[in-house]
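Summary of the model geometry
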Protein chains: 2
Amino acid sequence: MMNGVRSESCPAALPFVRGVFRGAKVMSIDAARGYSREKGEAFIEQLTEFLRIPSLSGTPERAGDVAAAADWLAENMRGAGVAQVAVMPTAGHPVVYGEWLGAGPDKPTVLVYGHYDVVPASKEDGWDTEPFEPVISDGKIWARGATDDKGQLLTHVKALESYLKSGNEPPVNVKFLMEGEEEVSSPNLRPFIEEHLDLLAADVCIISDSSMRTIDEPAITYSLRGMTYIEVTVEGPHDDLHSGFYGGTVHNPALALVQLLSKMFDDQNRIAVPGFYDDVVAISDRERAEIAKSELSERDILDATGVPAVWGEADVTIRERVSARPTLEINGITSGWGGPGPKTIIPANAKAKISSRLVANQDPHRIYDQLKDFFESNAPETVKVTVELLTTGEPALVSFELPEMQAAKRAYEIGWGATPIFVRGGGSIPIVADILHLLDMPVVMMGFGLDTDGLHGTNEHFSLEMFQRGIETSIVFLDEIARL
Amino acid sequence: MMNGVRSESCPAALPFVRGVFRGAKVMSIDAARGYSREKGEAFIEQLTEFLRIPSLSGTPERAGDVAAAADWLAENMRGAGVAQVAVMPTAGHPVVYGEWLGAGPDKPTVLVYGHYDVVPASKEDGWDTEPFEPVISDGKIWARGATDDKGQLLTHVKALESYLKSGNEPPVNVKFLMEGEEEVSSPNLRPFIEEHLDLLAADVCIISDSSMRTIDEPAITYSLRGMTYIEVTVEGPHDDLHSGFYGGTVHNPALALVQLLSKMFDDQNRIAVPGFYDDVVAISDRERAEIAKSELSERDILDATGVPAVWGEADVTIRERVSARPTLEINGITSGWGGPGPKTIIPANAKAKISSRLVANQDPHRIYDQLKDFFESNAPETVKVTVELLTTGEPALVSFELPEMQAAKRAYEIGWGATPIFVRGGGSIPIVADILHLLDMPVVMMGFGLDTDGLHGTNEHFSLEMFQRGIETSIVFLDEIARL
């Protein structure tokens, strides 16, 4: 247990910057912000090093690289002045924990969560550059993990460093919880938290693993979607069959699968699984007003994706569709011959990976039961249909009227230079629900990325300007929390 | 041009076996059949050698192996006593041509067609043995190409050899047309035939590239299905998207594809493409009576495939479904993530390989137009749908009342030991239509395989007893043709 360990390197000899009058505070912040700008090049070099490590948490043969990324991060945190840093084992990839508690027990403590693991990427997927050979061009750094989440998590380490290395005592205590399994749904983080409730105790948790629409429209995420991820398998003949001999006599498993999957939506593009929407919390008028502040338009979706027309649930605006409504998406289908040219088989089986993004208060396991029942009850007797649960995550909802949320709003106004809007996030960070409920503290999701950063796709990148603004926003946030 | 080249090794000094009375004929046949039995082990060894060559015509890096198989076959034919043999180049893989014209111009000429190329196979697909390391067990030889078509084509080479090497002049002239591109739809055989009409001139063509239900129910195929093979591509976003950011706002291409494909059949499992059945020749009462002789049952389909229940067009018997009706099968679907575990993307695109088996008188190109129109007209405006033609083949229908067909029937009765039924073949040998129409001769399809031989699937095999019976049936057939 590392809780309460006081830093030996705490600059206790600089009490004058802790003055009670506003002027001194601003100076302390300004000095830290100035330091972060002076060191901007060095911070980018460090991020480049970090991105070079292919820390693919879902690829067993990359376990060594995941460990290397954990070690790199721990070393970087030590270099930043974080007093106590430990790479702590889990049943999977390690947690990098760090703390600087020099502000003392009378000051609030901020817990920073981030993840140093990434999803797979290879140049063959269509990247313009090698995903693990970071390139800087057009004011951006291009690499897998640039925005999700190595670049974003590093802003907070560099924010603390900027206080400490500019000779200014940070106004609050800071703890870091950096995991290496977010991209595989954090199977070991919940047990880790349960075992280390005291170590991780804090007043507020901050997470930067989300994004905004444009640099001038920063966003604070007050809601995240949960997830139920399943695989549906249709099995027909015990082997691929010659389509000339058996065509027309057995139910082609690929056909049976498409027939099943085609029933998932009604003609209004609503999810047709019975009971699916039962537990969805209705959007309040206040929320609807906040959502309406987003300038996201159908044109933005068209421009960002290149699709010929948008699609979605009838009678729901595009701004609500992207985050406030649950989804059901086919993530992949595999059946039969996918190589070049023709092959005249009836495939032995067909598989689909399907995931549903959930909103409060949908229960991932109840949704799994509904999906399983839906596919099984619609399965024809001519094939065998099985439904397997791959992973789940709880949705999360935090009131944007909490003081910590309003502190984050001011941090953007001062540090970023623009008033943020409160948004529901479309993505899932399952651990947010665990932090909310197990550690009983508000979670503030201050994203520093752009919706168009290409995370999980090709040519992922992170704006260097937003990296810098993120560091400064974090510097201000720590101060705003101290004032509450 | 090799037409009319007379064999220098023609055993012209053995006229006595060409006597006009029945007894001498029978003796000649008996001697040849006896020889084939004596040499049975050697023939199996030769087949084993042949099967060891991975002559995958659709795999560019296997071109050398395809050429090696052509050379092996040419050499084997020379060893069998075929007077003239040549490996003749095409724009693709070579044709192995051979002729023995020692019976003289007054005697009929039989053209034997076969193919020495095979479809892909690897142990990882689920084979019990290595597909290109033939194994003999349970009275069968197990290897890719065992039944389709290396084992079957070799029966005719060994039949001719059995006449020649037992000191009996064959009763007819024999030509061999062995191609290396049947499994990629014979793109260069039609031009080859058009350029060599004289070389290939004959009175009847025999092809053994089909099968029977059981060893006691041999079958002569009088109809083959044609084919239209297409690829349907649905394109949505220009790149895979994060399902949390864009889920519910763009039409998932995998969903759009399954919605399109689910419209292919109506609720009676009839193909719902407008005009699809327009040109199908109705089954006559005589044909229906012949088809009814087949003992194929739904139980046979269940046993052979392992499916929980049969499937197919309402109001059509299983015996007619397997061959006399056109089909529409999904041969493969590829979209998004197919690896282990979850990946939360919206795939950029989704592709399906789809093929239709056609019956007389459906026109493959007209069917392509109908399919293309069907998919394009059903495509939603939210995605881009394209339909590409991969290959076509004409259906073929030969009256079973022709004398050559009846000669084949007697050949089975004498050589195989069972009366054959005339069947419509479910598969496609597109070149049959070309031989019928370009060379203007009847095509007799005498299959020596079993429906359950696993061709195009895993654990392909060929019964050694059927290999021997095939050789003897071919020996008798040559004699029966001489008697017409």
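All figures in this text were calculated on a predicted structure; none of them were measured in a lab.

1. Description of the overall build of chain A
From N to C terminus, chain A includes 14 helices and 20 strands. Computed over C-alpha atoms, the radius of gyration of chain A comes to 24 Å, within 12% of the 23 Å expected from 2.2 N^0.38 for 484 residues, which places it in the range of a compact globule. When its C-alpha atoms are laid out on the principal axes, chain A stretches across 85 × 50 × 45 Å. Counting the 484 residues in chain A, one finds 58% classified as buried. Within chain A, residue pairs in contact and separated by at least 24 positions form 80% of the contacts whose partners lie at least 6 positions apart.

2. A closer look at helix α13 (residues 431-438) of chain B
Residue and element names in this part refer to chain B. Where α13 is concerned, the buried positions are Ile-431, Val-432, Ala-433, Asp-434 and Ile-435. Considering only its buried residues, α13 is in contact with β3 (109-115), α5 (189-195), β7 (204-207), β9 (219-224), β16 (396-397) and β18 (443-446). Just past α13, the residue Asp-440 takes up positive phi, approximately 55°.

3. A closer look at the relation of the copies chain A and chain B
Here chain A sits on chain B after a turn of 180° about the axis and a move of 0.1 Å along it, with an RMSD of 0.1 Å. Taken together, the turn and the small shift mark the pair as related by a two-fold rotation axis. Distance from the rotation axis, computed per C-alpha, reaches its smallest value in chain A at A:Val258: 2.3 Å. Interface overlap between copies: 100% of the residues of chain A at the interface are likewise at the interface in chain B, consistent with a symmetric, same-surface contact.

4. As for helix α4 (residues 146-165) of chain A
Residue and element names in this part refer to chain A. With 20 residues, α4 should cover 28 Å at 1.5 Å per step; its first-to-last C-alpha distance of 25 Å lies more than 12% under that length. In terms of burial, α4 is largely enclosed, as 19 of its 20 residues are buried. Positive phi appears at Gly-167, one or two residues downstream of α4, with a value of about 80°.

5. Comments concerning the interface of chain A and chain B
As a measure of interface size, the accessible area lost when the parts come together is often cited. Across the boundary between the two partners, chain A contributes 79 residues, which contact 80 residues of chain B. The greatest single-element share of the side of chain A that touches chain B, amounting to eight residues, is contributed by strand β12 (residues 329-336) of chain A. The class makeup of the residues in the side of chain A that touches chain B is 31 nonpolar, 35 polar and 13 charged. Looking at chain direction, β12(A) and strand β12 (residues 329-336) of chain B are connected through five bridges and run antiparallel. Residue A:Thr334 lies in a different strand from β12(B), and its bridge partner there is B:Thr334.

6. Describing the packing of helix α4 (residues 146-165) of chain B against helix α14 (residues 464-483) of chain B
All names here are of chain B. Contact geometry for α4 and α14: axes closest at 8 Å, N-to-C directions at 55°. By the angle between their axes, α4 is oblique relative to α14. Judged by the twist between their axes, the crossing of α4 over α14 is right-handed. Contacts from Gly-151, Gln-152, Thr-155, His-156, Lys-158, Ala-159, Ser-162 and Tyr-163 of α4 reach α14 at Phe-467, Gly-470, Ile-471, Ser-474, Ile-475 and Leu-478. Residue composition of the contact of α4 with α14, grouped by class: six nonpolar, seven polar and one charged.

7. Observations concerning the sheet that holds strand β20 (residues 461-463) of chain B
Residues and elements named next belong to chain B. Here three strands make up an open sheet; going across it, the order is β4-β5-β20 and the pairing antiparallel. Every other strand in the sheet has two partners, leaving β4 (135-137) and β20 as the edge strands with one partner each. Direction aside, neighbouring strands of the sheet carry axes that sit 25° apart on average. Note that strand β5 (residues 140-142) and β20 share three bridges and pair antiparallel. By the bridge assignment, Trp-142 is partnered in β20 with His-461. Running at roughly 45° to β20, α4 makes contact with β5 and β20 of the sheet.

8. Some details on the sheet that holds strand β14 (residues 349-358) of chain B
Strands sit in the order β15(A)-β10(A)-β14(A)-β12(A)-β12(B)-β14(B)-β10(B)-β15(B) across an open sheet of eight strands; the sheet is antiparallel. Each having just a single partner strand, β15 (384-393) of chain A together with β15 (384-393) of chain B make up the two edges of the open sheet. In this sheet, adjacent strand axes meet at a mean angle of 15° when their direction is disregarded. Lying on the sheet, helix α11 (residues 364-378) of chain A is in contact with β10 (226-235), β14 (349-358) and β15 of chain A; it crosses β15(A) at an angle near 165°.

9. Re the pairing of strand β3 (residues 109-115) of chain A
Residue and element names in this part refer to chain A. Of all seven residues making up β3, seven are buried, and the element is well covered by its neighbours. Direction of pairing for β3 relative to strand β6 (residues 173-179): parallel, over a ladder of seven bridges. The partner of His-115 across the bridge, within β6, is Glu-179. In this sheet, strand β7 (residues 204-207) lies alongside β3 in parallel orientation, the contact comprising four bridges. Residue pairing for β7: Val-112 is matched across the bridge by Ile-206.

10. A look at the packing of helix α3 (residues 63-80) of chain B against α4(B)
Residue and element names in this part refer to chain B. As a packed pair, α3 and α4 sit with axes 9 Å apart at the nearest point and diverge in direction by 20°. Classed by the angle they form, the pair α3 and α4 counts as roughly parallel. Contacts between α3 and α4 involve Asn-76, Met-77 and Ala-80 from the former and Val-157, Lys-158, Leu-160 and Glu-161 from the latter.

11. Here's the deal with the environment of A:Tyr368
Residue and element names in this part refer to chain A. Mapped onto the fold, Tyr-368 is located in helix α11. Between the C-alpha atoms of Tyr-368 and Asp-30, which are 338 residues apart in sequence, the distance is 51 Å. Excluding anything up to four places from it in sequence, Tyr-368 contacts Thr-228, Ile-230, Leu-389 and Thr-392.

12. Things to note about the confidence of the model for chain A
For any part of a model where pLDDT is low, the fine detail of the predicted coordinates should not be relied upon. Chain-level pLDDT for chain A is 92 on average; 95% of the residues reach the 70-or-more range. Segment residues 1-23 of chain A: pLDDT under 50, and 34 contacts once partners within four positions in sequence are set aside and those in other chains are kept.

13. With respect to unusual backbone geometry
All names here are of chain A. At the junction of Ala-360 and Asn-361, the peptide bond is cis and its omega measures out at 0° in the coordinates. Position of Asn-361 among the secondary structure elements: in the loop between β14 and α11. Backbone geometry at Asn-269 places phi at a positive 60°, although glycine is not the residue there. For Asn-269, the location among the structural elements is in the loop between α7 (253-261) and α8 (285-293). Asn-269 gets classed as partly exposed once you count the C-beta atoms within 10 Å, which come to 17. Even without a glycine there, the phi angle at His-456 is positive, about 70°. Accessibility expressed as a C-beta count within 10 Å gives 24 for His-456, which makes it buried.

14. A few points about the environment of B:Glu298
Residue and element names in this part refer to chain B. Here Glu-298 is to be found in helix α9 (residues 298-305). Taking the number of C-beta atoms within 10 Å as the measure of exposure, Glu-298 has 14 and is therefore partly exposed. Considered as a pair, Glu-298 and Asp-285 are 13 residues apart in the sequence and their alpha carbons are 22 Å apart. When neighbours within four sequence positions are excluded, Glu-298 is seen to be in contact with Val-310 and Ile-318.

15. Topic: the environment of A:Gln406
On the secondary structure map, A:Gln406 appears in helix α12 (residues 403-416). Measuring from C-alpha to C-alpha, the distance between A:Gln406 and A:Ile220 comes to 9.7 Å, with 186 residues separating the pair along the chain.

Calculation notes
Residues numbered from 1 in each chain as written. Chains lettered and ligands numbered in written order. Predicted model: local features only at pLDDT ≥ 70, side-chain atom pairs only at ≥ 80, totals over all residues. Helix = DSSP H or I, 4+ residues; strand = E, 2+ residues; numbered from the N terminus. Rg over C-alpha atoms; globule rule 2.2 N^0.38 Å. Buried ≥ 20, exposed ≤ 12 C-beta atoms within 10 Å, placed from the backbone. Contact = placed C-beta atoms within 7 Å. Least-squares fit on C-alpha atoms with pLDDT ≥ 70 in both. Expected span 1.5 Å × (residues − 1). Nonpolar A, V, L, I, M, F, W, Y, C, P; charged D, E, K, R; others polar. Pairing = 2+ DSSP bridges. Axes fitted to C-alpha atoms, helices over the stretch in contact; angles between N-to-C directions. Parallel < 35°, antiparallel > 145°, perpendicular 65-115°, else oblique. Left-handed = near helix turned anticlockwise from the far one by under 90°. pLDDT = per-residue confidence, 0-100.

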